[in-house]
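Fold and geometry: a report
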Amino acid sequence: MPHVPDLHLYSTEGGQHLLVVNGSRLFDVDAEVSGALDRARLAKDAETVRRLLASLGVSEAPFVDDRPVEAPPVRALSLAVAQKCNLGCTYCYAQQGDFGGPARNMPLETALEAVDLLLRDAGRGERVNLSFLGGEPLFNRSVIRAATERAAEGARAKGVSLTLSLTTNGTLLTPEDADFLEAHGFAVTVSLDGPREVHDRLRAFKGGQGSFDKVMVNVKPLLERQREMQVSARVTVTPRNLELRQTLDTFVDLGFHSVGFSPMLASPTGRDELGHDALERMLEQMVDCGREFERRLVAGRRYPFSNMVNAMRELHKGTHRPYPCGAGAGYLGVSASGELAACHRFVGDEEGALGDLTTGVDRERQARWLTERHVHRQEPCRSCWARYLCSGGCHHEVIQRGRPACDYIRGWLHYCLEAYSRLSRARPDYFGLPAANG
(Lines give C-alpha, C1' and ligand atoms only; values in the text may rest on other atoms or scores of the structure.)
Protein backbone atom coordinates (compact mmCIF):
# COMPACT_ATOMS: atom_id res chain seq x y z
CA MET A 1 0.00 0.00 0.00
CA PRO A 2 1.46 3.42 -0.91
CA HIS A 3 2.52 5.44 2.08
CA VAL A 4 4.41 8.65 2.75
CA PRO A 5 6.80 9.34 5.60
CA ASP A 6 4.84 12.15 7.26
CA LEU A 7 1.46 10.65 8.18
CA HIS A 8 -0.72 7.62 8.60
CA LEU A 9 -4.52 7.66 8.23
CA TYR A 10 -6.91 5.23 9.86
CA SER A 11 -10.56 5.06 10.76
CA THR A 12 -12.73 3.64 13.51
CA GLU A 13 -16.43 3.62 14.32
CA GLY A 14 -15.80 7.07 15.81
CA GLY A 15 -14.59 8.63 12.56
CA GLN A 16 -11.36 9.44 10.73
CA HIS A 17 -8.02 9.77 12.49
CA LEU A 18 -4.56 11.05 11.64
CA LEU A 19 -1.14 10.10 12.98
CA VAL A 20 1.34 12.89 12.36
CA VAL A 21 4.59 10.96 12.32
CA ASN A 22 6.71 13.86 13.58
CA GLY A 23 6.17 13.65 17.32
CA SER A 24 3.75 10.69 17.07
CA ARG A 25 0.73 13.00 17.46
CA LEU A 26 -2.84 11.80 16.98
CA PHE A 27 -5.76 13.89 15.72
CA ASP A 28 -9.39 13.37 14.80
CA VAL A 29 -10.08 14.76 11.34
CA ASP A 30 -13.20 15.19 9.23
CA ALA A 31 -13.89 13.33 6.00
CA GLU A 32 -12.83 16.25 3.79
CA VAL A 33 -9.38 16.54 5.40
CA SER A 34 -8.93 12.77 5.50
CA GLY A 35 -9.86 12.51 1.82
CA ALA A 36 -7.43 15.22 0.75
CA LEU A 37 -4.59 13.67 2.73
CA ASP A 38 -5.42 10.21 1.43
CA ARG A 39 -5.36 11.36 -2.20
CA ALA A 40 -1.95 12.92 -1.68
CA ARG A 41 -0.74 9.78 0.05
CA LEU A 42 -1.94 7.52 -2.75
CA ALA A 43 -0.18 9.74 -5.25
CA LYS A 44 2.95 9.61 -3.09
CA ASP A 45 2.89 13.39 -3.19
CA ALA A 46 4.96 14.22 -0.12
CA GLU A 47 5.03 17.95 -0.87
CA THR A 48 1.22 18.20 -0.95
CA VAL A 49 1.04 16.19 2.27
CA ARG A 50 3.38 18.63 3.99
CA ARG A 51 1.44 21.62 2.66
CA LEU A 52 -1.85 20.16 3.93
CA LEU A 53 -0.36 19.41 7.35
CA ALA A 54 0.91 22.98 7.55
CA SER A 55 -2.58 24.29 6.68
CA LEU A 56 -3.97 22.24 9.59
CA GLY A 57 -1.49 23.85 11.98
CA VAL A 58 0.21 20.59 12.95
CA SER A 59 3.62 21.20 11.36
CA GLU A 60 6.43 21.45 13.88
CA ALA A 61 10.20 21.43 13.88
CA PRO A 62 11.51 17.83 13.83
CA PHE A 63 11.10 16.10 17.18
CA VAL A 64 13.88 13.66 16.19
CA ASP A 65 16.98 15.04 14.50
CA ASP A 66 19.90 13.27 12.84
CA ARG A 67 22.27 13.56 15.78
CA PRO A 68 23.14 10.28 17.50
CA VAL A 69 23.19 10.02 21.26
CA GLU A 70 26.64 10.98 22.53
CA ALA A 71 28.50 9.17 25.33
CA PRO A 72 25.36 8.16 27.26
CA PRO A 73 25.82 7.14 30.89
CA VAL A 74 25.28 3.47 31.74
CA ARG A 75 21.97 3.11 33.54
CA ALA A 76 21.08 -0.53 32.82
CA LEU A 77 23.16 -3.69 32.70
CA SER A 78 22.26 -7.29 31.98
CA LEU A 79 24.65 -9.83 33.40
CA ALA A 80 25.07 -13.16 31.62
CA VAL A 81 25.82 -14.78 34.96
CA ALA A 82 25.61 -18.31 33.55
CA GLN A 83 26.56 -19.01 29.95
CA LYS A 84 25.10 -22.49 30.14
CA CYS A 85 21.63 -23.99 29.96
CA ASN A 86 19.85 -27.30 30.58
CA LEU A 87 17.31 -26.84 27.78
CA GLY A 88 17.87 -27.49 24.09
CA CYS A 89 15.75 -24.77 22.44
CA THR A 90 16.84 -24.82 18.81
CA TYR A 91 15.97 -21.15 18.21
CA CYS A 92 17.97 -19.75 21.15
CA TYR A 93 20.00 -16.63 20.25
CA ALA A 94 22.49 -17.76 22.91
CA GLN A 95 23.05 -21.02 21.00
CA GLN A 96 21.44 -23.19 23.69
CA GLY A 97 22.89 -21.05 26.45
CA ASP A 98 26.64 -21.00 25.94
CA PHE A 99 26.83 -18.21 23.32
CA GLY A 100 28.94 -20.41 21.07
CA GLY A 101 31.74 -20.92 23.60
CA PRO A 102 32.52 -23.14 26.58
CA ALA A 103 29.87 -23.27 29.31
CA ARG A 104 30.86 -21.05 32.23
CA ASN A 105 29.64 -19.04 35.18
CA MET A 106 30.38 -15.38 35.84
CA PRO A 107 32.81 -15.05 38.76
CA LEU A 108 31.56 -13.06 41.72
CA GLU A 109 34.30 -10.45 41.25
CA THR A 110 33.11 -9.78 37.71
CA ALA A 111 29.48 -9.37 38.81
CA LEU A 112 30.49 -6.95 41.57
CA GLU A 113 32.60 -4.92 39.11
CA ALA A 114 29.53 -4.66 36.89
CA VAL A 115 27.40 -3.43 39.81
CA ASP A 116 30.05 -0.82 40.62
CA LEU A 117 30.05 0.36 36.98
CA LEU A 118 26.25 0.68 37.04
CA LEU A 119 26.22 2.78 40.20
CA ARG A 120 29.46 4.72 39.74
CA ASP A 121 28.05 7.83 38.08
CA ALA A 122 24.39 7.52 39.05
CA GLY A 123 23.16 10.50 41.01
CA ARG A 124 20.56 10.83 43.72
CA GLY A 125 17.06 10.33 42.36
CA GLU A 126 18.20 8.59 39.20
CA ARG A 127 16.95 5.12 38.22
CA VAL A 128 19.12 2.14 37.29
CA ASN A 129 18.27 -1.42 36.32
CA LEU A 130 20.23 -4.60 36.92
CA SER A 131 19.16 -7.73 35.05
CA PHE A 132 20.31 -11.33 35.32
CA LEU A 133 20.17 -13.54 32.25
CA GLY A 134 21.84 -16.56 30.72
CA GLY A 135 21.75 -19.24 29.44
CA GLU A 136 19.92 -20.12 32.59
CA PRO A 137 21.05 -17.62 35.26
CA LEU A 138 20.02 -19.76 38.23
CA PHE A 139 22.97 -22.05 37.55
CA ASN A 140 24.85 -19.23 39.29
CA ARG A 141 22.40 -18.45 42.09
CA SER A 142 25.00 -17.38 44.64
CA VAL A 143 26.37 -14.67 42.36
CA ILE A 144 22.85 -13.38 41.62
CA ARG A 145 22.20 -13.04 45.33
CA ALA A 146 25.52 -11.42 46.16
CA ALA A 147 25.30 -8.95 43.25
CA THR A 148 21.73 -8.07 44.20
CA GLU A 149 22.71 -7.32 47.78
CA ARG A 150 25.67 -5.23 46.61
CA ALA A 151 23.47 -3.27 44.21
CA ALA A 152 20.71 -2.73 46.78
CA GLU A 153 23.18 -1.51 49.41
CA GLY A 154 24.96 0.79 46.95
CA ALA A 155 21.72 2.22 45.60
CA ARG A 156 20.45 2.98 49.10
CA ALA A 157 23.69 4.73 50.00
CA LYS A 158 23.53 6.95 46.89
CA GLY A 159 19.79 7.60 46.93
CA VAL A 160 19.41 5.83 43.60
CA SER A 161 16.25 3.96 42.58
CA LEU A 162 17.16 0.37 41.70
CA THR A 163 15.00 -2.03 39.71
CA LEU A 164 15.93 -5.68 39.37
CA SER A 165 14.95 -8.30 36.83
CA LEU A 166 15.59 -11.96 36.15
CA THR A 167 14.85 -13.97 33.02
CA THR A 168 14.68 -17.72 33.62
CA ASN A 169 13.48 -20.92 32.00
CA GLY A 170 11.94 -21.83 35.36
CA THR A 171 13.46 -25.31 35.67
CA LEU A 172 15.74 -24.44 38.62
CA LEU A 173 13.46 -22.15 40.63
CA THR A 174 12.96 -23.00 44.31
CA PRO A 175 10.64 -21.70 47.05
CA GLU A 176 13.68 -20.00 48.56
CA ASP A 177 14.20 -18.16 45.28
CA ALA A 178 10.60 -16.99 45.49
CA ASP A 179 11.25 -15.50 48.93
CA PHE A 180 14.43 -13.76 47.78
CA LEU A 181 12.91 -12.38 44.57
CA GLU A 182 9.84 -11.11 46.42
CA ALA A 183 11.96 -9.48 49.12
CA HIS A 184 13.86 -7.51 46.47
CA GLY A 185 10.87 -6.76 44.25
CA PHE A 186 12.22 -8.47 41.14
CA ALA A 187 10.51 -8.40 37.77
CA VAL A 188 10.74 -12.09 36.88
CA THR A 189 10.25 -13.23 33.31
CA VAL A 190 9.65 -16.93 32.74
CA SER A 191 10.18 -18.23 29.21
CA LEU A 192 7.14 -20.30 28.26
CA ASP A 193 6.03 -21.11 24.74
CA GLY A 194 2.48 -22.34 25.25
CA PRO A 195 0.42 -24.96 27.08
CA ARG A 196 2.14 -28.25 27.91
CA GLU A 197 2.13 -29.98 24.54
CA VAL A 198 3.14 -26.86 22.63
CA HIS A 199 5.79 -25.78 25.14
CA ASP A 200 7.39 -29.22 25.28
CA ARG A 201 7.81 -29.31 21.50
CA LEU A 202 9.93 -26.18 21.64
CA ARG A 203 11.52 -26.10 25.09
CA ALA A 204 12.59 -29.61 26.00
CA PHE A 205 15.51 -30.58 28.20
CA LYS A 206 18.66 -31.47 26.31
CA GLY A 207 17.82 -35.11 26.96
CA GLY A 208 14.57 -34.68 25.07
CA GLN A 209 11.98 -34.77 27.86
CA GLY A 210 9.51 -31.92 28.18
CA SER A 211 10.04 -29.13 30.71
CA PHE A 212 6.52 -27.72 31.14
CA ASP A 213 5.44 -29.71 34.21
CA LYS A 214 8.72 -28.98 35.99
CA VAL A 215 8.43 -25.26 35.28
CA MET A 216 4.83 -25.10 36.49
CA VAL A 217 5.66 -26.79 39.78
CA ASN A 218 8.61 -24.46 40.30
CA VAL A 219 6.86 -21.24 39.35
CA LYS A 220 3.82 -21.81 41.58
CA PRO A 221 5.46 -20.40 44.75
CA LEU A 222 6.41 -17.25 42.82
CA LEU A 223 2.88 -16.76 41.54
CA GLU A 224 1.55 -17.20 45.07
CA ARG A 225 4.04 -14.80 46.65
CA GLN A 226 4.11 -12.00 44.08
CA ARG A 227 3.33 -8.69 45.70
CA GLU A 228 6.47 -6.59 45.31
CA MET A 229 7.67 -9.12 42.74
CA GLN A 230 5.97 -9.37 39.35
CA VAL A 231 6.06 -12.67 37.47
CA SER A 232 5.50 -12.52 33.73
CA ALA A 233 5.45 -15.09 30.95
CA ARG A 234 7.33 -14.40 27.73
CA VAL A 235 6.39 -16.44 24.67
CA THR A 236 8.75 -16.77 21.72
CA VAL A 237 6.50 -17.22 18.69
CA THR A 238 7.60 -19.66 15.98
CA PRO A 239 5.69 -21.37 13.17
CA ARG A 240 5.02 -24.19 15.66
CA ASN A 241 3.14 -22.25 18.36
CA LEU A 242 0.88 -19.74 16.64
CA GLU A 243 -2.20 -20.38 18.80
CA LEU A 244 -1.64 -17.16 20.70
CA ARG A 245 -5.06 -16.60 22.19
CA GLN A 246 -5.08 -20.08 23.76
CA THR A 247 -1.60 -19.47 25.14
CA LEU A 248 -2.49 -16.03 26.49
CA ASP A 249 -5.62 -17.24 28.25
CA THR A 250 -3.79 -20.25 29.70
CA PHE A 251 -1.12 -18.11 31.34
CA VAL A 252 -3.50 -15.36 32.44
CA ASP A 253 -5.62 -18.01 34.18
CA LEU A 254 -2.50 -19.37 35.89
CA GLY A 255 -1.94 -16.00 37.54
CA PHE A 256 0.96 -14.44 35.65
CA HIS A 257 1.17 -10.69 36.15
CA SER A 258 1.52 -10.22 32.39
CA VAL A 259 1.96 -12.27 29.23
CA GLY A 260 3.79 -11.11 26.13
CA PHE A 261 4.69 -12.43 22.70
CA SER A 262 7.88 -11.94 20.71
CA PRO A 263 8.30 -13.19 17.13
CA MET A 264 11.27 -15.43 16.38
CA LEU A 265 12.94 -13.54 13.55
CA ALA A 266 16.58 -14.60 13.81
CA SER A 267 17.89 -17.88 15.22
CA PRO A 268 21.50 -19.13 14.92
CA THR A 269 20.46 -22.09 12.76
CA GLY A 270 17.58 -20.44 10.91
CA ARG A 271 15.24 -23.03 12.42
CA ASP A 272 11.84 -21.87 13.71
CA GLU A 273 12.15 -18.40 12.19
CA LEU A 274 8.89 -16.82 11.09
CA GLY A 275 8.38 -16.29 7.38
CA HIS A 276 5.83 -14.09 5.61
CA ASP A 277 2.86 -16.47 5.91
CA ALA A 278 3.56 -17.24 9.58
CA LEU A 279 3.90 -13.52 10.37
CA GLU A 280 0.51 -12.89 8.75
CA ARG A 281 -0.95 -15.61 10.93
CA MET A 282 0.74 -14.14 14.01
CA LEU A 283 -0.71 -10.72 13.23
CA GLU A 284 -4.21 -12.20 13.02
CA GLN A 285 -3.68 -13.86 16.39
CA MET A 286 -2.24 -10.72 17.99
CA VAL A 287 -5.23 -8.68 16.83
CA ASP A 288 -7.57 -11.34 18.22
CA CYS A 289 -5.82 -11.05 21.59
CA GLY A 290 -5.97 -7.26 21.33
CA ARG A 291 -9.70 -7.25 20.69
CA GLU A 292 -10.21 -9.39 23.77
CA PHE A 293 -8.13 -6.84 25.70
CA GLU A 294 -10.47 -4.12 24.42
CA ARG A 295 -13.60 -6.07 25.38
CA ARG A 296 -12.38 -6.78 28.88
CA LEU A 297 -11.09 -3.27 29.49
CA VAL A 298 -14.42 -1.74 28.45
CA ALA A 299 -16.12 -4.20 30.82
CA GLY A 300 -13.82 -3.06 33.63
CA ARG A 301 -11.81 -6.28 33.77
CA ARG A 302 -8.04 -6.73 33.73
CA TYR A 303 -6.45 -8.63 30.85
CA PRO A 304 -2.65 -8.52 31.19
CA PHE A 305 -1.66 -8.79 27.54
CA SER A 306 1.65 -6.92 27.81
CA ASN A 307 2.10 -6.15 24.10
CA MET A 308 -1.21 -4.30 24.18
CA VAL A 309 -0.64 -2.62 27.52
CA ASN A 310 2.75 -1.35 26.37
CA ALA A 311 1.41 -0.15 23.01
CA MET A 312 -1.40 1.81 24.65
CA ARG A 313 1.05 3.41 27.06
CA GLU A 314 3.50 4.39 24.32
CA LEU A 315 0.81 5.81 22.05
CA HIS A 316 -0.65 7.81 24.91
CA LYS A 317 2.79 9.24 25.74
CA GLY A 318 3.36 10.10 22.08
CA THR A 319 6.56 8.09 22.02
CA HIS A 320 8.92 9.14 19.24
CA ARG A 321 12.46 7.85 19.35
CA PRO A 322 15.45 7.28 17.07
CA TYR A 323 16.38 3.89 18.59
CA PRO A 324 14.16 0.91 19.46
CA CYS A 325 15.74 0.45 22.90
CA GLY A 326 18.73 1.50 24.95
CA ALA A 327 21.04 -1.14 23.47
CA GLY A 328 24.53 0.22 23.00
CA ALA A 329 23.57 3.45 24.75
CA GLY A 330 22.40 3.48 28.38
CA TYR A 331 21.93 -0.30 28.36
CA LEU A 332 24.75 -2.83 27.94
CA GLY A 333 25.20 -6.58 28.30
CA VAL A 334 28.03 -8.08 30.33
CA SER A 335 29.49 -11.49 29.47
CA ALA A 336 30.61 -14.03 32.06
CA SER A 337 34.21 -12.93 31.47
CA GLY A 338 33.45 -9.21 31.72
CA GLU A 339 33.19 -8.05 28.11
CA LEU A 340 30.66 -5.30 27.42
CA ALA A 341 28.21 -5.77 24.56
CA ALA A 342 25.51 -3.64 22.96
CA CYS A 343 22.92 -5.81 24.76
CA HIS A 344 22.39 -9.32 26.11
CA ARG A 345 21.86 -10.67 22.58
CA PHE A 346 25.30 -9.47 21.46
CA VAL A 347 27.25 -11.24 24.21
CA GLY A 348 30.07 -13.09 22.47
CA ASP A 349 29.34 -11.32 19.17
CA GLU A 350 32.07 -9.02 17.82
CA GLU A 351 29.40 -7.04 15.95
CA GLY A 352 28.20 -5.56 19.23
CA ALA A 353 31.43 -5.53 21.27
CA LEU A 354 31.75 -2.27 23.23
CA GLY A 355 34.66 -2.72 25.64
CA ASP A 356 35.04 -4.51 28.96
CA LEU A 357 34.73 -3.92 32.68
CA THR A 358 38.46 -3.31 33.09
CA THR A 359 38.92 -0.63 30.45
CA GLY A 360 35.34 0.63 30.40
CA VAL A 361 33.03 1.47 27.52
CA ASP A 362 34.84 1.80 24.19
CA ARG A 363 33.46 5.24 23.34
CA GLU A 364 34.76 5.19 19.76
CA ARG A 365 32.97 1.93 18.96
CA GLN A 366 29.89 3.10 20.84
CA ALA A 367 29.76 6.36 18.87
CA ARG A 368 30.02 4.42 15.62
CA TRP A 369 27.27 2.03 16.75
CA LEU A 370 24.90 4.85 17.75
CA THR A 371 25.51 6.68 14.49
CA GLU A 372 24.95 3.63 12.31
CA ARG A 373 21.90 2.35 14.22
CA HIS A 374 20.00 5.68 14.26
CA VAL A 375 16.64 5.18 12.52
CA HIS A 376 17.45 7.95 10.03
CA ARG A 377 20.34 5.79 8.80
CA GLN A 378 18.17 2.73 8.27
CA GLU A 379 16.43 1.69 5.06
CA PRO A 380 13.55 1.49 4.34
CA CYS A 381 12.81 3.03 7.73
CA ARG A 382 13.50 6.61 6.69
CA SER A 383 10.40 6.68 4.49
CA CYS A 384 8.12 4.60 6.76
CA TRP A 385 5.29 6.16 8.77
CA ALA A 386 6.01 3.80 11.68
CA ARG A 387 9.66 4.75 12.06
CA TYR A 388 9.44 6.65 15.36
CA LEU A 389 7.24 3.98 16.97
CA CYS A 390 9.18 0.95 15.68
CA SER A 391 12.52 2.81 15.52
CA GLY A 392 14.01 0.31 13.12
CA GLY A 393 13.41 -2.85 15.13
CA CYS A 394 15.69 -5.04 17.24
CA HIS A 395 19.31 -4.35 16.23
CA HIS A 396 20.33 -7.99 16.62
CA GLU A 397 17.49 -9.30 14.48
CA VAL A 398 18.07 -6.70 11.77
CA ILE A 399 21.80 -7.38 11.61
CA GLN A 400 21.28 -11.14 11.56
CA ARG A 401 18.31 -11.38 9.18
CA GLY A 402 17.26 -8.02 7.80
CA ARG A 403 13.66 -6.81 7.96
CA PRO A 404 11.22 -9.64 7.21
CA ALA A 405 8.70 -8.31 9.74
CA CYS A 406 8.03 -4.75 8.51
CA ASP A 407 4.52 -5.55 7.25
CA TYR A 408 3.75 -7.36 10.50
CA ILE A 409 4.97 -4.40 12.58
CA ARG A 410 3.01 -1.86 10.55
CA GLY A 411 -0.07 -4.05 10.72
CA TRP A 412 0.17 -4.37 14.49
CA LEU A 413 0.74 -0.64 14.96
CA HIS A 414 -2.19 0.18 12.66
CA TYR A 415 -4.46 -1.99 14.80
CA CYS A 416 -3.08 -0.46 18.01
CA LEU A 417 -3.83 3.04 16.72
CA GLU A 418 -7.42 2.00 16.04
CA ALA A 419 -7.70 0.41 19.48
CA TYR A 420 -6.25 3.49 21.19
CA SER A 421 -8.82 5.74 19.51
CA ARG A 422 -11.66 3.42 20.54
CA LEU A 423 -10.47 2.97 24.11
CA SER A 424 -9.70 6.65 24.70
CA ARG A 425 -13.41 7.24 24.10
CA ALA A 426 -14.81 4.16 25.84
CA ARG A 427 -12.42 4.20 28.84
CA PRO A 428 -10.78 7.64 29.05
CA ASP A 429 -10.07 7.03 32.73
CA TYR A 430 -7.67 4.20 31.74
CA PHE A 431 -5.44 6.85 30.16
CA GLY A 432 -6.02 9.46 32.86
CA LEU A 433 -8.29 11.44 30.55
CA PRO A 434 -11.53 13.17 31.60
CA ALA A 435 -14.80 11.46 30.76
CA ALA A 436 -16.34 12.39 27.41
CA ASN A 437 -19.31 14.06 29.12
CA GLY A 438 -17.24 16.10 31.48
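Scope of this entry: the structure provided in the associated data block. Every value quoted in this text rests on a predicted model; they were computed, and no experiment measured them.

1. What to know about the packing of aromatic side chains
The tally for this structure, following the rule as stated, stands at 10 aromatic pairs. Aromatic pair Phe293 and Tyr430: ring centres 6.3 Å apart, planes at 75°, arrangement edge-to-face. Here Phe293, found in helix H9 (residues 276-298), pairs with Tyr430, found in the segment after helix H14 (406-426); they are 137 residues apart in sequence, far enough to count as distant. Residue Phe293 is classed as buried on the basis of its relative accessible area, which comes to 4%. Residue classification places Tyr430 among the partly exposed positions, given a relative accessible area of 32%. Clustering of aromatic rings is evident, with ring pairs tying together Phe261, Phe305, Trp412 and Tyr415. Over the ring of Phe180 we find Arg145, and its NZ or CZ is 4.9 Å from the ring centre.

2. Here we look at the nonpolar core
If you look at the biggest cluster of nonpolar residues, it comprises 109 residues, and the most contacted ones within it are Leu77, Leu79, Phe132, Phe256, Phe261, Phe305 and Met312. For this core, the element with the highest residue contribution is H14, accounting for 9 residues. Once you skip the residues sitting within four places of it in the chain, Leu79 turns out to touch Met106, Ala111, Ala114, Leu130, Ser131, Phe132, Leu133 and Val334. If you look at the next biggest cluster of nonpolar residues, it comprises 13 residues, including Leu9, Leu18, Leu37 and Val58.

3. Things to note about the pattern of salt bridges
Tallying each qualifying case throughout the model produces 29 salt bridges. Between Arg75 and Glu126 there is a salt bridge whose closest N-O contact spans 3.1 Å. On the criterion of sequence distance, the pair formed by Arg75 in the loop between helix H2 (46-55) and strand S4 (76-83) and Glu126 in the loop between helix H3 (108-120) and strand S6 (127-134) is long-range, its members being 51 residues apart. Among the residues examined, Arg75 registers a relative accessible area of 15% and is labelled buried. Here Arg295 and Glu292 are joined by a salt bridge, their closest N and O atoms 2.8 Å apart. Pair noted here: Arg295 and Glu292 are both in helix H9, with a separation of 3 residues, about one helical turn. For Glu292, a relative accessible area of 10% puts it in the buried group. One continuous salt-bridge network, built from bridges that share partners, spans Arg245, Asp249, Asp288, Glu292, Arg295 and Arg296.

4. Focus: the packing of helix H4 (residues 141-158) against helix H5 (residues 175-183)
Close contact between H4 and H5 brings their axes to 12 Å; oriented N to C, the two are set at 15°. The orientation of H4 with respect to H5, classified from their angle, is roughly parallel. You can see that H4 and H5 cross each other, and the crossing is left-handed. Counted together, Arg141, Arg145, Thr148 and Glu149 of H4 and Glu176, Asp177 and Phe180 of H5 form the full contact between these two elements. Class assignment of the residues belonging to the contact of H4 with H5 gives a composition of 1 nonpolar, 1 polar and 5 charged.

5. Examining the packing of helix H1 (residues 31-42) against H2
Packing of H1 against H2 brings their axes to within 8 Å, and their N-to-C directions diverge by 160°. One way to sum up the angle between H1 and H2 is to call them roughly antiparallel. At the point where H1 passes H2, the crossing takes the left-handed sense. Contacts between H1 and H2 pair Ala36, Leu37, Ala40 and Arg41 from the former with Thr48, Val49, Leu52 and Leu53 from the latter. Considered class by class, the residues forming the contact of H1 with H2 number 6 nonpolar, 1 polar and 1 charged.

6. Thoughts on the sheet that holds strand S1 (residues 7-12)
The strand order across the open sheet formed by 3 strands is S1-S2-S3, and the pairing between neighbours is antiparallel. Looking along the sheet, the strands with just one partner apiece sit at the ends: S1 and strand S3 (25-29). On average, each strand axis in the sheet is inclined to that of its neighbour by 25°, with strand direction left out of account. Along the sheet face, H14 touches S1, strand S2 (15-20) and S3 and points at about 55° away from the line of S1.

7. Focus on the environment of Thr247
Looking at the element boundaries, Thr247 is found in helix H8 (residues 244-254). Thr247 sits 88 residues away from Gly159 along the chain, and the two C-alpha atoms are 41 Å apart. Filtering out sequence-adjacent residues up to four positions away, Thr247 remains in contact with Gly194, Pro195, Val235 and Phe261.

8. Digging into the pairing of S4
Across the 8 residues that make up S4, a large majority, 8, are buried. Pairing analysis gives 4 bridges linking S4 to strand S11 (residues 331-334), with the strands arranged parallel. Bridge pairing links Ala76 to Tyr331 in S11.

9. Brief notes about the pairing of S6
Here S6 lies mainly inside the structure; 6 of its 8 residues are buried. Pairing geometry for S4 and S6, over 6 bridges, is parallel. Among the inter-strand pairings, Ser78 is bridged to a residue of S6, identified as Ser131. As paired elements, S6 and strand S7 (residues 161-168) share 6 bridges and run parallel to each other. Pairing of Ser131 across the sheet is with Ser165, part of S7. For the crossover that starts at S6, traverses H4 and ends in the parallel S7, the hand is right-handed.

Conventions we followed
- Residues numbered from 1 in each chain as written.
- Predicted model: local features only at pLDDT ≥ 70, side-chain atom pairs only at ≥ 80, totals over all residues.
- Heavy atoms only, no water.
- Phe/Tyr/Trp six-rings, centres within 6.5 Å; stacked < 30°, edge-to-face > 60°.
- Helix = DSSP H or I, 4+ residues; strand = E, 2+ residues; numbered from the N terminus.
- Buried < 20%, exposed > 50% of the residue type's maximum accessible area, 1.4 Å probe, protein only.
- Lys NZ or Arg CZ within 6 Å of the ring centre and 35° of its normal.
- Core = buried A, V, L, I, M, F, W, Y, C linked by side-chain atoms within 4.5 Å.
- Contact = heavy atoms within 4.5 Å.
- Salt bridge = Lys/Arg side-chain N within 4 Å of Asp/Glu carboxyl O.
- Axes fitted to C-alpha atoms, helices over the stretch in contact; angles between N-to-C directions.
- Parallel < 35°, antiparallel > 145°, perpendicular 65-115°, else oblique.
- Left-handed = near helix turned anticlockwise from the far one by under 90°.
- Nonpolar A, V, L, I, M, F, W, Y, C, P; charged D, E, K, R; others polar.
- Pairing = 2+ DSSP bridges.
- Right-handed = clockwise from strand over helix to strand, strands pointing away.

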